[in-house]
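Chain and residue survey
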Amino acid sequence: MTGREAAKSVLRAQKIELPSWAFGNSGTRFKVFAQQGVPRDPFEKIADAARVHAHTGVAPSIALHIPWDAVDDYAVLGRAAADVGIKLGTINANVFQDDDYKLGSVTNPDPAVRRKALDHLFACVDVMDRTGSRDLKLWFSDGTNYPGQDDIRARQDRLAEALSAVYERLSADQRLILEYKLFEPAFYTTDVPDWGTSYAHCLKLGERAKVCVDTGHHAPGTNIEFIVAFLLREGKLGAFDFNSRFYADDDLIVGAADPFQLFRILFEVVNAGGLAADSDIAFMLDQCHNIEPKIPGQIRSVMNVQEATAKALLVDTEALGAAQAAGDVLGANGVLMDAYNTDVRPLLAELREEMGVDPDPMGAYARSGYAEQITGDRVGGRQAGWGA
Ligand code: PSV
Ligand code: MN
Ligand code: MN
């Protein structure tokens, strides 16, 4: 197989999960701009995600956020997804939108609040049992705003206790994925601020506890591909939440701010076998589309991940290895840059045709009439993050 064909076969099998919340209205704390035709319930979010899959061929699942996507009967939701050719994926817990969590959820000094948060996490595992989801993704907004506000070590003890209770509750084929975030909403200490904290907790929990790297959750200038390489080497990279940032947790379209960074991250993944058939890394988008239309925003995002992946797959690893072994600094860097500077759009168009997908997903969506249809059909679309 040529390098091109080998790259295509990996790209054909690539799977990128979409977040249900990307389809709802979103904004900043200053203003949420309502768009026409946005989903009114989880079923309509599923329908929109299915459109993204229909036009890209590589986005066959949707992550749910509980309680935003809570329904009475998850079997019905699962069937609705299957009917439109996708699956229900990762379950994202939410212990950050309740007055009780002002001082934290699982690390709150009040045992009653900790109990409430833990009960929600258990309820999320119950949802997973019904949806057949493999992964429980945990992100905690927990932290403090002022020195002395709470005991930093005691909060770590409470966190460890909760994580271990949740881990025990999982079945053998389910995983706990612990996401970290540098700051916000807590500004002085965050209880899971970085990959090291997440890694240390996951290591103690066991095999099926792994780290989620959200690309928007680091300090400016952080070498994210180093973190990725390290976690891959330790077998502890569980998932990605892809998005772009200029300043902080901006949740903009992945690959928009720094496509070169995305390439560097995906090269580490490819290099470590993270896209092999037996890899269990979950590749997910975690984005909001505040000012641009949401479905094409997701299509563009999927394409950006594909383009970066294709470039990473085109790196001539033999030449790279030889240059590295010879200490040829400029040669090695040149091999990497050659791949990055390759225009992979023709290769991806060819792949899409082979997969029976329109080679131009953005154009195909625009021509499909779906946007006009949902604008006409759906009145009163809901804000992402506020119930069904
Ligand atoms: C937190 O900033 C985060 O990245 C977590 O993944 C949440 O689950 C997601 O955003 C949606 O709020
Ligand atoms: Mn995230
Ligand atoms: Mn985030």
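In the block above lies the structure referred to throughout.
What comes next concerns the included structure. Think of each chain on its own: its residues are numbered from 1, step by step along the sequence as written. Here chains are named by letter from A upward and ligands by number from 1 upward, in the order in which they appear as written. pLDDT decides what is reported in this predicted model: residues at 70 or higher carry local features, side-chain atom pairs at 80 or more are listed and counted, and totals for whole chains, interfaces and linings draw on all residues regardless.

Another point: the sheet that holds strand S6 (residues 175-179). Any two strands with at least two DSSP-identified bridges between them are counted as paired. Only runs of H or I of at least four residues qualify as helices and only runs of E of at least two qualify as strands under DSSP, and these elements are numbered from the N terminus. As summarised here, the arrangement of the eight strands in space is S1-S2-S3-S4-S6-S8-S9-S10, forming an open sheet in which the pairing is parallel. Among the strands making up the open sheet, the edge pair consists of strand S1 (18-19) and strand S10 (282-285). Looking at chain direction, S6 and strand S8 (residues 209-214) are connected through four bridges and run parallel. Its bridge partner being in S8, Leu176 is matched across the sheet by Ala209.

Position of Val344 among the secondary structure elements: in the loop between helix H11 (329-340) and helix H12 (345-354). It is the C-beta atoms, placed from the backbone, that decide contacts: two residues are in contact if theirs lie within 7 Å. Beyond its immediate chain neighbours, meaning those up to four positions away, Val344 contacts Glu307, Ala310 and Lys311.

With that out of the way, let us pick up the pairing of S6. Exposed residues have 12 or fewer other C-beta atoms within 10 Å of their own C-beta, buried residues have 20 or more, and residues in between are partly exposed; the C-beta atoms are placed from the backbone. Burial of S6 is extensive: five of the five residues sit out of reach of the surface. Here S6 shows no split at all, with Arg175, Ile177 and Glu179 on one side and Leu176 and Leu178 on the other all buried. Examined bridge by bridge, strand S4 (residues 135-138) and S6 share four bridges and lie parallel to one another. Of the residues in S6, the one forming a bridge with Asp135 is Arg175.

None of this, on its own, says anything about what the molecule does.
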